Amino acid sequence: MATKLPKAPAPAATPSIQPARPEDGQGGNSVVLERRTQKVKPPQMYQVVLLNDDYTPMEFVVLVIQEFFNKDLETATQIMLKIHLDGKGVCGVFSKDVAATKVDQVTEAARKNGHPLQCICEPVEL
Ligand code: TYC
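About the cut-offs
Residues numbered from 1 in each chain as written. Predicted model: local features only at pLDDT ≥ 70, side-chain atom pairs only at ≥ 80, totals over all residues. Heavy atoms only, no water. Helix = DSSP H or I, 4+ residues; strand = E, 2+ residues; numbered from the N terminus. Buried < 20%, exposed > 50% of the residue type's maximum accessible area, 1.4 Å probe, protein only. Expected span 1.5 Å × (residues − 1). Arc of directions from axis to C-beta. Polar contact = N/O pair within 3.5 Å; in protein donor to acceptor, adjacent residues only side chain to side chain. Contact = heavy atoms within 4.5 Å. Phe/Tyr/Trp six-rings, centres within 6.5 Å; stacked < 30°, edge-to-face > 60°. Lys NZ or Arg CZ within 6 Å of the ring centre and 35° of its normal. Pairing = 2+ DSSP bridges.

Looking at unusual backbone geometry
Look at N70: it is not a glycine, yet its phi comes out positive at around 55°. Topologically, N70 is positioned in the loop between α1 (58-69) and α2 (73-86). Residue N70 is classed as exposed on the basis of its relative accessible area of 65%.

As for helix α3 (residues 96-112)
For α3, with 17 residues, the first-to-last C-alpha span of 24 Å sits near the 24 Å given by 1.5 Å per residue. Buried residues of α3: A99, K102, V103, V106, A109 and A110, and no others. Relative to the axis of α3, the buried residues are bounded by an arc of 140° and lie together on one face. Exposed side chains of α3 directed beyond 90 degrees from the buried face belong to K96, D97, D104 and K112. Backbone geometry just downstream of α3 places G114 in the positive-phi region, at approximately 75°.

What about the side chain of H115?
Structurally, H115 can be placed in the loop between α3 and β5 (118-123). Within the structure, H115 has its side chain in polar contact with the backbone oxygen of N113 (distance 3.4 Å). When sequence neighbours within four positions are dropped, the list of residues in contact with H115 reads T56, P57, F60 and A110.

What to know about the packing of aromatic side chains
Enumeration according to the criterion identifies one aromatic pair in this entry. Arranged with centres 6.2 Å apart and planes meeting at 35°, the rings of F69 and F94 form a pair that is tilted. Of the two residues, F69 is situated in helix α1 and F94 in strand β4 (residues 88-94); the sequence distance between them amounts to 25 residues. On the accessibility criterion, F94 (18% relative accessible area) is buried. Across the ring face of F69, the terminal group of K102 is positioned such that the distance to the ring centre comes to 6.0 Å.

Focus: the pairing of strand β3 (residues 46-51)
For β3, the tally of buried residues reaches five of six residues, placing the bulk of the element in the interior. Looking at chain direction, β3 and β4 are connected through six bridges and run antiparallel. In the sheet register, V49 faces β4, and the bridge partner there is V90. Strand direction decides the pairing type here: β3 and β5, joined by six bridges, are antiparallel. Its bridge partner being in β5, V49 is matched across the sheet by I120.

Here you go:
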């Protein structure tokens, strides 16, 4: 049975044989690397946002921000107060999967403790 060789990775730029241009100053063929425009874009990122409400205790929101978004007490308190005053605030920016997991974790912790705290994720505008 014939064994398959692994495929070599595609080159970033494909050399092509071009006829020599007069300004090359050489008679033979020259190898030209074609430039390709970069096709790989950075992935869309998502911000996890907490919404204000009138019932969730401030202390609980601070704990949630510390626990799930790895913020120290001072930063968590600042974010909580921003949410309290502005109606919402960003707790962190993540890939889509991680952001969705944070939303689930925060929502579950809030419901388990009987709080109506709302957590959403939204794409980060470029
Ligand atoms: N507004 C709440 C209160 O006065 C505190 C609060 C802050 C609730 C942030 C939710 O995302 C929130 N107890």
